[in-house]
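# Residue-level structure breakdown
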Amino acid sequence: MCEAKAVVVEGEKEEVIMKDVVFLYFKDGKPVLRNIVGEEMIFEDYEVESVDFVHHVIYLRLR
């Protein structure tokens, strides 16, 4: 399987906030991530900065 991990970027610091991400969508302009067991997280004050398809990483940054 090729699950991704979600990382919050703050300056030079990166923190993994969700593992095994299989779905990303937007609800009212806010990114929503769902993991392999169906748990979802809505990121109210974040935006998707980039997605690394090779290393399976979704980078989020504060707006």
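Residues numbered from 1 in each chain as written. Predicted model: local features only at pLDDT ≥ 70, side-chain atom pairs only at ≥ 80, totals over all residues. Heavy atoms only, no water.

### Points about the pairing of strand E5 (residues 46-52)
Sheet faces and side chains relate simply in a regular strand, where the side chains alternate between the two faces. Relative to strand E6 (residues 57-62), E5 is paired through 6 bridges, and the arrangement is antiparallel. When the sheet's bridge partners are listed, Tyr46 is paired in E6 with Leu62. Between E5 and E6, which follow one another and run antiparallel, lie 4 residues, and His56 among them has a positive phi close to 60°. (Pairing = 2+ DSSP bridges. Helix = DSSP H or I, 4+ residues; strand = E, 2+ residues; numbered from the N terminus.)

### Here we look at a nonpolar patch on the surface
Judged by side-chain polarity, Val22, Phe23, Ile36 and Val37 come together as a nonpolar surface patch covering roughly 360 Å² of accessible area. Note on placement: Phe23 falls in strand E2 (residues 13-27). Take Phe23: its relative accessible area is 38%, and that puts it in the partly exposed class. (Patch = residues over 30% accessible without salt bridge, like charges linked within 9 Å, V, L, I, M, F, W, Y side chains within 5 Å. Areas by Shrake-Rupley, 256 points an atom, 1.4 Å probe, with all protein chains shown as cover. Salt bridge = Lys/Arg side-chain N within 4 Å of Asp/Glu carboxyl O. Buried < 20%, exposed > 50% of the residue type's maximum accessible area, 1.4 Å probe, protein only.)

### Comments concerning the sheet that holds E2
In spatial order, the strands read E4-E3-E2-E1-E6-E5; together these 6 strands make up an open sheet with mixed pairing. This sheet does not close on itself; its edge strands, each paired only once, are strand E4 (40-42) and E5. Put simply, the sheet's adjacent strands are angled 45° from each other on average, direction ignored. (Axes fitted to C-alpha atoms, helices over the stretch in contact; angles between N-to-C directions.)

### Examining the pattern of salt bridges
Going through the model one piece at a time under the given rule, you end up with 3 salt bridges. Taking the shortest distance from any N to any O, the salt bridge between Glu44 and Lys30 comes out at 3.1 Å. Of this pair, Glu44 sits in the loop between E4 and E5 while Lys30 sits in strand E3 (residues 30-35), and the two are 14 residues apart along the sequence. Judged by relative accessible area, Glu44 falls into the partly exposed class, the value being 43%.

### Some thoughts on the side chain of Asn35
Take Asn35: it is sitting in strand E3. At 2.7 Å, the side chain of Asn35 forms a polar contact with the side chain of Glu39. Beyond its immediate chain neighbours, meaning those up to four positions away, Asn35 contacts Met18, Lys19, Asp20, Val21 and Val22. (Polar contact = N/O pair within 3.5 Å; in protein donor to acceptor, adjacent residues only side chain to side chain. Contact = heavy atoms within 4.5 Å.)

### Things to note about the environment of Val48
You can see Val48 is positioned in strand E5. The class for Val48 is partly exposed, based on a relative accessible area of 26%. Setting aside chain neighbours within four positions, we find Val48 in contact with Leu24, Phe26, Pro31, Ile58, Tyr59 and Leu60.

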